[in-house]
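# Fold and contact review
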Amino acid sequence: IEQIDSTRTAEGATYSRGPSRLQQYIPPFSLWWIGMVHGYWRYVDDPAFVRQMIPGTRAVVAFFEAHRQANGSLGKLPWWNFVDWTRQWRHGVPPESEEGSSAPRDLQLLLAYGWAAEMESALGIPALAAEYRKSEARLRRTIRDLYWDSGRRLFADTPARRDFSQHTNALAVLARVVEGDAARDLVSRILDDPSLVQCSIYFRYYLHSAVLRAGLGDRYLDLLGQWRTMFSRGLTTWAEQLDPTRSDCHAWGSSPNYEVFRTILGI
């Protein structure tokens, strides 16, 4: 967490990883960094460290707010806006409108607003938390207006509503754009719809989290086909992706190490 924080640019974004001799920026990973700080705050009794990171979370939020459109949706972003390795997305970047609107990125920002607001309320500036909550509520309304397709009963990847993915709909559940029975129905349908762009090894963590949020955790063990394939190929560590693997020992494939405790054992 601290090493990534130290890579921050003057605009507020972080490197995709740190420390690194490669000056690589993946803006959505800066939003996930806010989630890392939030997760550390929830699970580790170390508020002093989290307070030291809050100026960094503010800087990341400010970077994205500088790229918002009038309706709160994100516009064009610089650098490599990777979301997940999928066959349909060029270089892992999801489709976007001419203005830059892309549901996966908007939903990641929506999640980050919530994380940042919680930490500001507890450890930072409550008035800033209130501003984040206002932006969060506004963006949640915008996401419903821009991306919900009533015909397919799915959230689309762009306002044109021609592209659909598991990613967007899983994030919509995690960000509480849809809740309760509607979320349960949505998750059930995205698990069983092969026409959607499918989550790869990395992003299945967020898909599985949505499954759990929707109360469908009993389906979890049936969703581990890609990990069973890794075992069948003789791997003893998790691959970055199945084919081509590029890396046969990749940290982002290790979500079952966490999910077995959370979802199966309930810890």
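Quick note: structure is the one above.
Rules behind the numbers
- Residues numbered from 1 in each chain as written.
- Predicted model: local features only at pLDDT ≥ 70, side-chain atom pairs only at ≥ 80, totals over all residues.
- Heavy atoms only, no water.
- Helix = DSSP H or I, 4+ residues; strand = E, 2+ residues; numbered from the N terminus.
- Salt bridge = Lys/Arg side-chain N within 4 Å of Asp/Glu carboxyl O.
- Buried < 20%, exposed > 50% of the residue type's maximum accessible area, 1.4 Å probe, protein only.
- Polar contact = N/O pair within 3.5 Å; in protein donor to acceptor, adjacent residues only side chain to side chain.
- Contact = heavy atoms within 4.5 Å.
- Axes fitted to C-alpha atoms, helices over the stretch in contact; angles between N-to-C directions.
- Left-handed = near helix turned anticlockwise from the far one by under 90°.
- Nonpolar A, V, L, I, M, F, W, Y, C, P; charged D, E, K, R; others polar.
- Phe/Tyr/Trp six-rings, centres within 6.5 Å; stacked < 30°, edge-to-face > 60°.

### Points about the environment of arginine 87
Along the polypeptide, arginine 87 turns up in the loop between helix H3 (47–65) and helix H4 (103–123). Expressed as a C-alpha distance, the spacing of arginine 87 and serine 200, which sit 113 residues apart in the sequence, is 9.4 Å.

### Quick word on the pattern of salt bridges
In this structure the tally under the stated criterion is 15 salt bridges. Residue glutamate 240 pairs with arginine 246 through a salt bridge whose shortest N-O separation is 2.8 Å. By relative accessible area, which is 66% here, arginine 246 ends up exposed. The network of salt bridges with common partners includes Lys76, Glu96 and Arg105.

### Observations regarding the side chain of arginine 262
Position of arginine 262 relative to the elements: it lies in helix H10 (residues 255–264). Here the side chain of arginine 262 touches serine 209 through a polar contact of 3.4 Å, side chain to side chain. In this structure, arginine 262 is in contact with Tyr205, His208, Ser209, Leu212 and Ile267, ignoring residues within four places of it in sequence.

### Remarks on the environment of arginine 21
Tracing the backbone through its elements, the reader meets arginine 21 in the loop between helix H1 (2–5) and helix H2 (27–43). In this structure arginine 21 comes out as exposed when scored by relative accessible area, which is 87%. Residues arginine 21 and arginine 152, 131 residues apart in the sequence, show an inter-C-alpha distance of 45 Å.

### Concerning the packing of H2 against H4
Working note: a packed helix pair is described by the angle between its axes plus the distance between those axes. As a packed pair, H2 and H4 sit with axes 9 Å apart at the nearest point and diverge in direction by 35°. Judged by the sense of rotation from one axis to the other, the crossing of H2 with H4 is left-handed. In this structure, H2 uses Pro28, Leu31, Trp32, Ile34, Gly35, Val37, His38 and Trp41 to contact H4, whose residues at the interface are Arg105, Gln108, Leu109, Leu111, Ala112, Trp115, Ala116, Glu118, Met119, Ala122 and Leu123. In the contact of H2 with H4, the residues fall into 14 nonpolar, 3 polar and 2 charged.

### Quick notes on the packing of aromatic side chains
Under the criterion given, the structure shown has 23 aromatic pairs. Ring geometry for phenylalanine 63 against phenylalanine 64: centres 5.0 Å apart, planes inclined by 90°, an arrangement best described as edge-to-face. Looking at phenylalanine 64, the relative accessible area reads 1%, which means it is buried. Residues phenylalanine 82 and tryptophan 85 carry aromatic rings whose centres are separated by 4.9 Å and whose planes lie at 70° to one another, so their mutual orientation is edge-to-face. Judged by relative accessible area, phenylalanine 82 falls into the buried class, the value being 2%. Among the aromatic side chains, those forming a connected cluster through ring pairs are Phe29, Trp32, Trp80, Phe82, Trp85, Trp115, Tyr202, Phe203, Tyr205, Tyr206, Trp252 and Tyr258.

### Re the side chain of histidine 208
Within the secondary structure, histidine 208 is located in helix H8 (residues 204–213). Of the residues examined, histidine 208 reaches a relative accessible area of 2% and is grouped as buried. Look past the residues within four positions of histidine 208 in its chain and what remains in contact with it is Tyr220, Leu223, Leu224, Trp227, Glu259 and Arg262.

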